[in-house]
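Letter by letter, the chains look like this.
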Amino acid sequence: MRITVLRQQLITALCTGLRLPFAFLDGISRPLTRQARRYPKSIMVIKPCCIGDVIMTTPLLEVLRQNYPQAQITYITGTWSKAIAEHHPAVDTIIDCGTIGIPGRYTLKEYGQLARQLRGQHFDLAFVLDRSPLLTLLPWLAGVPRRVGPDSLGRGFSLTDRVPVSVDPTHLEHQAEIYLDLARAIGLTIEQPAMRFVPTEQERQSIYRSDYPQVVVFPGGGSNPGMDLTAKRWPLDRYRALTRRIVSELKMQVLLIGGESDRELNQTLIDGLEEVPPEMVVNLAGKTSFGQSAAQIEASTLFIGNDSSPMHLAAAVGTPVIAIFGPTSPAEYGPYPLSDPQHIALWRHPTGQPCFFLGKMQACDNCTCMHSVTIDDVWDAVMQLLPQIRQEEVQR
């Protein structure tokens with residue numbers, strides 16, 4: 001632990017020392033790039049990973065398109081996450097950066113190749129939506145004259161527009177708002193942006209259909225290319241009890257979604273439901289693409305799940321969300337916007353401060369946060385949302 005802390009301190013000190021020479025270089029080039037800085041024709045957005053984080057960048061994409069309607073917007077993201085950019089109407093082009101941006105998963109040679117590729121695109125404006133010093137440096141290497149990004153722990157040394165970010169766990173800001181702060185910092189107009197994911201018509205036609213109203217449940221989550229954080233999962237026996245109650249009391253069908261890695265977990269949940277008619281609980285894990293999952297959630301009455309990419313996806317397609325939180329805080333990662341009455345985030349952390357902060361899991365001596373959210377808590381949220389949902393269905 002001490003070695004890790006020392007390493008982080010050395011990186012921060014190095015980045016702080018580099019701020020002055022980079023500012024000097026930008027000052028020299030500024031007169032030659034004034035036109036491109038004021039009226040960008042080509043914009044890059046960089047966010048390699050991960051799926052939920054990339055979904056939370058979509059409000060910024062909406063703002064960029066509204067403020068620069070004629071600009072070409074290119075999203076640089078990883079293979080794991082590019083489906084999000086592919087389904088957003090503001091994005092014109094996508095560059096798949098593979099595993100670049102995931103610590104320990106790429107080489108300097110691959111990094112250099114990406115920098116050269118980007119340099120050949122002649123971008124005018126870059127938004128770096130990551131706190132990594134290497135990713136922050138990428139648009140400078142690509143020759144982008146204006147580079148905007150979060151300045152976390154002083155690591156935005158190569159940015160022209162450094163936007164402060166809180167590193168205090170008692171002062172939390174939603175990730176989507178942090179990205180929007182970048183637009184505010186350069187004077188862009190912001191109205192009421194929301195997360196957005198648009199399934200294709202083909203994806204919408206391919207969903208699982210039945211005669212029952214459907215609730216999507218996601219008991220998995222916490223697994224990304226760079227990290228496994230299964231502590232974000234609500235206990236499976238509680239999901240089983242909740243599923244039993246949804247079927248028996250509401251006569252609604254439960255759809256269990258997820259990727260191939262979630263298939264076994266979902267089946268374990270189903271195996272404990274002997275008294276529930278088998279057609280009322282369907283395991284769709286591993287059977288749909290990400291876009292098809294989005295279409296399935298879009299067509300459903302309600303989504304219930306952990307802090308995860310499907311939870312953000314539900315908010316992005318406009319489905320009411322009940323999200324269960326533990327080590328992470330909904331103030332940072334909740335269904336956006338948090339003010340939406342159809343978004344309910346349940347969090348019962350004993351300290352009121354997240355264990356997962358600044359991309360790292362802190363040591364926890366009292367790991368009870370996921371168990372603190374009860375079945376009755378979730379059921380009360382269901383009862384709160386269903387009358388609103390049904391009223392809207394009647395009005396439609």
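Preceding block: the structure.
The following paragraphs examine the structure supplied in this document. Owing to the predicted nature of the structure, the values given are computational and were not obtained by experimental measurement.

## Brief notes about the pairing of strand E10 (residues 253–256)
And step 1. Side-chain alternation along E10 places Gln 253 and Leu 255 on one buried face and Val 254 and Leu 256 on a second face that is also buried.
And step 2. Two elements, E10 and strand E11 (residues 281–283), share three bridges in a ladder whose sense is parallel. Paired with Val 254 across the strands is Val 281, a residue of E11.
And step 3. Where the polypeptide runs from E10 across helix H11 (residues 263–271) and back to E11, its parallel neighbour, the crossover connection is right-handed.

## Brief notes about the packing of helix H4 (residues 58–67) against helix H8 (residues 175–185)
And step 1. Axis separation between H4 and H8 bottoms out at 8 Å; the angle between their running directions is 25°. Classed by the angle they form, the pair H4 and H8 counts as roughly parallel. For the pair H4 and H8, the sense of crossing is right-handed. Of H8, the residues touching H4 (which contributes Pro 59, Leu 60 and Val 63) are Ala 176, Tyr 179, Leu 180 and Ala 183.

## Overview of the pairing of strand E4 (residues 125–128)
And step 1. Burial along E4 is two-sided: the face carrying Leu 125 and Phe 127 and the face carrying Ala 126 and Val 128 are both buried.
And step 2. Pairing of strand E1 (residues 42–46) with E4 involves four bridges; the strand directions are parallel. The residue of E4 that forms the bridge with Val 45 is Phe 127.
And step 3. Examined bridge by bridge, E4 and strand E5 (residues 146–151) share three bridges and lie parallel to one another. Considered in E5, the bridge of Phe 127 is made with Val 148.
And step 4. Read as a crossover between parallel neighbours, the route from E4 over helix H7 (residues 133–141) to E5 is right-handed.

## What about the pattern of salt bridges?
When their charged atoms lie close together, side chains carrying opposite charge are able to pair.
And step 1. For the coordinates displayed, the defined rule picks out 14 salt bridges.
And step 2. Of the charged contacts in the structure, one is a salt bridge between Lys 232 and Asp 307, with a shortest N-O distance of 3.6 Å. With a gap of 75 residues between them, Lys 232 in the loop between strand E9 (227–228) and helix H10 (236–250) and Asp 307 in the loop between strand E12 (302–306) and helix H13 (309–317) connect regions that are remote in the sequence. Just as Lys 232 is buried, Asp 307 falls in that class too.
And step 3. One salt bridge connects Asp 376 with Arg 245, and the closest N-O pair in it is separated by 3.4 Å. A residue pair is termed long-range when its members are at least 10 positions apart, and Asp 376 in helix H16 (residues 375–395) and Arg 245 in helix H10 qualify at 131 residues.
And step 4. Here Asp 376 falls in the partly exposed class, since its relative accessible area comes to 47%.
And step 5. Through salt bridges with shared partners, a single ionic network connects Glu 177, Asp 181 and Arg 184.

## Re the state of the cysteines
And step 1. By the definition in use, this model includes one disulfide.
And step 2. In this model, Cys 49 is linked to Cys 50 through a disulfide, with the two sulfur atoms separated by 1.8 Å. A torsion of 70° about the S-S bond marks the disulfide between Cys 49 and Cys 50 as right-handed. Of the two residues, Cys 49 and Cys 50, neither departs from the other in class, the shared state being buried.
And step 3. Considering cysteine sulfurs only, Cys 49 is the nearest to Cys 97, which forms no disulfide, with 9.1 Å between them.

## Remarks on the nonpolar core
And step 1. Counting residues in hydrophobic clusters, the biggest one holds 52 residues, and the most contacted among them are Ile 43, Leu 60, Leu 64, Tyr 68, Phe 127, Ile 297 and Phe 303.
And step 2. Of all the elements, H13 adds the most residues to this core, at six residues.
And step 3. Beyond its immediate sequence surroundings of up to four residues, Ile 43 is in contact with Leu 64, Tyr 68, Ala 71, Gln 72, Ile 73, Thr 74, Phe 123, Leu 125 and Phe 127.
And step 4. Val 215, Ile 270, Ile 322 and Ile 324 belong to the second-largest nonpolar core, a separate cluster that totals 32 residues.

## Section: the sheet that holds E1
And step 1. If you walk across this open sheet you meet the six strands as E3-E2-E1-E4-E5-E6, and the pairing is parallel. Of all the strands in the sheet, the pair left with one neighbour each is strand E3 (93–96) and strand E6 (161–164). The sheet shows a mean angle of 20° between the axes of neighbouring strands, direction not considered.

## Some points on the packing of H10 against H11
And step 1. Where H10 meets H11, the closest approach of the two axes is 9 Å, and the angle between their N-to-C directions is 55°. Judged by the inter-axis angle, H10 sits oblique to H11. Regarding H10 and H11, the two cross each other, and that crossing is right-handed. Between H10 and H11, the residues in contact are Leu 236, Tyr 239, Arg 240 and Thr 243 and Leu 265, Thr 268 and Leu 269, respectively.
And step 2. For the contact of H10 with H11, the residue count by class is four nonpolar, two polar and one charged.

## Side note on the side chain of Asp 307
And step 1. Look at Asp 307 and you get buried, because its relative accessible area is 4%.
And step 2. Side-chain polar atoms of Asp 307 contact the side chain of Thr 328, separated by 2.6 Å.
And step 3. Residue contacts for Asp 307: discarding those within four places in its chain leaves Lys 232, His 312, Ile 324, Phe 325, Thr 328 and Tyr 333.

What counts and what doesn't
- Residues numbered from 1 in each chain as written.
- Predicted model: local features only at pLDDT ≥ 70, side-chain atom pairs only at ≥ 80, totals over all residues.
- Heavy atoms only, no water.
- Buried < 20%, exposed > 50% of the residue type's maximum accessible area, 1.4 Å probe, protein only.
- Helix = DSSP H or I, 4+ residues; strand = E, 2+ residues; numbered from the N terminus.
- Pairing = 2+ DSSP bridges.
- Right-handed = clockwise from strand over helix to strand, strands pointing away.
- Axes fitted to C-alpha atoms, helices over the stretch in contact; angles between N-to-C directions.
- Parallel < 35°, antiparallel > 145°, perpendicular 65-115°, else oblique.
- Left-handed = near helix turned anticlockwise from the far one by under 90°.
- Contact = heavy atoms within 4.5 Å.
- Salt bridge = Lys/Arg side-chain N within 4 Å of Asp/Glu carboxyl O.
- Disulfide = S-S within 2.5 Å.
- Core = buried A, V, L, I, M, F, W, Y, C linked by side-chain atoms within 4.5 Å.
- Nonpolar A, V, L, I, M, F, W, Y, C, P; charged D, E, K, R; others polar.
- Polar contact = N/O pair within 3.5 Å; in protein donor to acceptor, adjacent residues only side chain to side chain.

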